[in-house]
Amino acid sequence: MVRTRFAPSPTGYMHLGNLRSALYTFLYARHNGGRFILRIEDTDQARYVEGATDVIYRTLKDIGMDWDEGPDVGGEFGPYVQSARKDMYLPYAEQLVREGKAYYCFCTKEELDERREAAAARGETFKYDKHCLNMPKEEVERRIAAGEPYVIRQNVPTEGEAGFDDVIYGHITVDCAELDDMILIKADGMPTYNFANVIDDHTMGITHVMRGNEYLASTPKYNLLYDAFGWEKPTYIHMTPIMRDAQHKLSKRDGDAYYEDFLAKGYLKEAIVNYVALLGWNPGDEREFFTMDELIAAFGVEGMSKSPAIFDVQKLTWMNAEYIRRLSPEAFTAHALPYYEKAGVAKMDLSILARILQQRTEVFTQLPDMVDFLAKLDEDYSVELFTNKKSKTNPEVSKAVLEMVIPALKALPEWTEEAVHTLLLSMAAEQGMKNGTLLWPVRIAMAGRQVTPGGAIEIAVLLGREEALRRLELGLKKLS
Ligand code: GLU
């Protein structure tokens, strides 16, 4: 049975890179009828950010990536938060010490700094020199009993190669001579991240380790630990990075690459997930739009890219616009409402607003700028706006149109789209005028600008009789 895990460190908001790791890990488990496990890796308390675990839960739930085992839902391999597992790791390290595969190290920070400086002076990079490896057992015991601080280090072979097969990157090897005897247990008794990660993956029965390629270089060391314990290794699937451009990785420092920031900027979560899914994976055909269920059905490592993906916000925006167009008008309105409120148009006819706005909205944050003229007319607009070649209008023609239209609109018994429509178009017909010649000045006077979502009739109804007439009269005054 496939068992995958998403193992975030709670160090801040959910970055799109984390989101993609979570998504691929989730999709792989679901596609293969396996289990998706959530593990919180909080061994590094110094980097812990308050509230960060809540963001992780909230984001995964919001997107519909339900986990089968995890901190809140439990499971037979719990606990699922590393800090709650802290007593599990030391016995494993001690087992390795007994077998000569790890050892106690009493070197102090000062001693290590001194040796590091000396190495630098010789132009070498320092790696731990196995100084404490061969300390006699009695001395080790005496120093521990005396309460001297110690760490436990992995005893890495000094020659030969350590390697592993990665599904994406192929066979990766490192020269053991380059590997450091990494610390497994720190002086405070806590495991290092590197050690805890291996122990957890094994004891949780993880079969497929999927994560960012920044762990590629450490994985040979992890595999030496699997070998030391005689454990079966998981399948490794390291993902290529997401880049901001050809040279730079999309980093947390880019600030704008957080999932929740995109929501706040008016992107739909379905569009974000769809876009992120395609950053480093493709279905092998031309399809671009996927629901979560379709992603589950289509996902596989064969489609995962071997080269970095470039994050293209324009492509995401295009995809978002497509998702917005596919919403029902009611769903569009539900998403748009907070922006209508901001713009002061939330009390207007919502179905007309949806009709004129939905097709042209790329991200919801554009809405206030698109509709602010409805809430408040910029009365200083120029009469030049009344000139339009195609509609055959200019200030003079416009003045005549408004003089004719205003009394007729005032006398209209009902202020509905149908009534306004019938009145204005029959007037144009009676006058032998192009519809555009009549509608242009009406729209300009009501909007104070040339580009508007919706036409004169829709705008008149959105504004209501009183405000529409007030604006038309103001327009006439400007033209007189
Ligand atoms: N906790 C690690 C991180 O957030 C994940 C490492 C892994 O998946 O093995 O980067």
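Residues numbered from 1 in each chain as written. Predicted model: local features only at pLDDT ≥ 70, side-chain atom pairs only at ≥ 80, totals over all residues. Heavy atoms only, no water.

### Points about the side chain of Thr43
Checked against the element boundaries, Thr43 lands in the loop between strand 2 (35–38) and helix 2 (52–63). Those residues within four positions of Thr43 in sequence are excluded, and the remaining contacts are Gln82, Lys186, Met190, Pro191, Tyr193 and Ala196. (Helix = DSSP H or I, 4+ residues; strand = E, 2+ residues; numbered from the N terminus. Contact = heavy atoms within 4.5 Å.)

### Concerning the sheet that holds strand 7 (residues 183–185)
Pairing within the open sheet is antiparallel, and its three strands lie in the order 3-4-7. At either end of the open sheet lies a strand with only one pairing partner, and these are strand 3 (102–105) and strand 7. When the angles between neighbouring strand axes are averaged without regard to direction, this sheet yields 40°. Sheet topology note: the strand 3/strand 4 (residues 151–154) ladder contains four bridges and is antiparallel. When the sheet's bridge partners are listed, Cys105 is paired in strand 4 with Val151. (Pairing = 2+ DSSP bridges. Axes fitted to C-alpha atoms, helices over the stretch in contact; angles between N-to-C directions.)

### Details of the pattern of salt bridges
Under the defined criterion, the tally for this structure stands at 36 salt bridges. A salt bridge links Arg355 to Glu417; its shortest N-O distance comes to 2.8 Å. In this pair, Arg355 sits in helix 13 (residues 350–357) while Glu417 sits in helix 16 (residues 417–431), placing the two residues 62 residues apart along the sequence. Here Glu417 falls in the partly exposed class, since its relative accessible area comes to 26%. Bridged by salt links that share partners, the residues Arg5, Arg39, Glu41, Arg85, Asp200 and Asp201 form one connected network. (Salt bridge = Lys/Arg side-chain N within 4 Å of Asp/Glu carboxyl O. Buried < 20%, exposed > 50% of the residue type's maximum accessible area, 1.4 Å probe, protein only.)

### Section: unusual backbone geometry
In this model, Gly78 is joined to Pro79 through a cis peptide bond whose omega is -5°. Tracing the backbone through its elements, the reader meets Pro79 in the loop between helix 2 and helix 3 (89–98). Here Lys392, not a glycine, exhibits a phi torsion of approximately 55°, which is positive. Following the sequence through the fold, Lys392 ends up in the loop between helix 14 (367–375) and helix 15 (395–410). By relative accessible area, Lys392 is classed as exposed at 58%.

### Looking at the nonpolar core
By size, the foremost hydrophobic cluster in this structure holds 111 residues, and its most contacted members are Met292, Met304, Leu374 and Leu409. Per element, the largest residue contribution to this core is nine residues, and it comes from helix 1 (residues 16–31). Filtering out sequence-adjacent residues up to four positions away, Leu374 remains in contact with Val345, Met348, Leu353, Ile459, Leu462, Leu463 and Arg471. Among the nonpolar cores identified, the runner-up in size contains 39 residues, and Phe106, Met135, Met204 and Tyr222 belong to it. (Core = buried A, V, L, I, M, F, W, Y, C linked by side-chain atoms within 4.5 Å.)

### Thoughts on the packing of aromatic side chains
Under the definition given, this model contains 23 aromatic pairs. Here a set of aromatic residues connected by ring pairs shows up, and it is made of Tyr24, Trp281, Phe290 and Phe299. Over the ring of Phe289 we find Arg326, and its NZ or CZ is 4.1 Å from the ring centre. (Phe/Tyr/Trp six-rings, centres within 6.5 Å; stacked < 30°, edge-to-face > 60°. Lys NZ or Arg CZ within 6 Å of the ring centre and 35° of its normal.)

### So, the site of the ligand
Around the ligand, the neighbouring residues are Arg5, Ala7, Pro8, Ser9, Glu41, Tyr193, Asn197, Arg211 and Tyr215. One nitrogen or oxygen atom from the side chain of Arg211 is found 2.9 Å from an oxygen atom belonging to the ligand. Note that an oxygen atom of the ligand is positioned 2.8 Å from one of the side-chain N or O atoms of Tyr215. Protein contacts shield 85% of the accessible area of the ligand, which totals 300 Å² for the unbound molecule. Looking at side-chain class alone, the shell around the ligand contains four nonpolar, two polar and three charged residues. (Near = heavy atom within 4 Å. Polar contact = N/O pair within 3.5 Å; in protein donor to acceptor, adjacent residues only side chain to side chain. Areas by Shrake-Rupley, 256 points an atom, 1.4 Å probe, with all protein chains shown as cover. Nonpolar A, V, L, I, M, F, W, Y, C, P; charged D, E, K, R; others polar.)

### Brief notes about helix 1
Taking 1.5 Å as the rise per residue, helix 1 with 16 residues should run 22 Å; its terminal C-alpha atoms sit 22 Å apart, in good agreement. Of all 16 residues in helix 1, 13 are buried, a share of seventy percent or more. Just beyond helix 1, the residue with positive phi is Gly33, at close to 65°. (Expected span 1.5 Å × (residues − 1).)

### Side note on the side chain of Thr25
Within the secondary structure layout, Thr25 lies in helix 1. Since its relative accessible area comes to 0%, Thr25 is described here as buried. Apart from the residues within four sequence positions on either side, Thr25 is in contact with Thr4, Arg5, Phe6, Phe36, Met210 and Met239.

### Quick word on helix 16
For helix 16, which comprises 15 residues, the first-to-last C-alpha distance of 21 Å matches the rise-based estimate of 21 Å (1.5 Å per residue) to within 8%. Listing the buried residues of helix 16 in full gives Ala419, Val420, Leu423, Leu424, Met427 and Ala428. Down the axis of helix 16, the sector holding all buried residues measures 155°, keeping them to one side. The exposed set on the far side of helix 16, more than 90 degrees from its buried face, consists of Glu418 and Ala429. Contact partners of the buried residues in helix 16: helix 15, helix 17 (435–447) and helix 18 (456–463). Just past helix 16, the residue Gly432 takes up positive phi, approximately 65°. (Arc of directions from axis to C-beta.)

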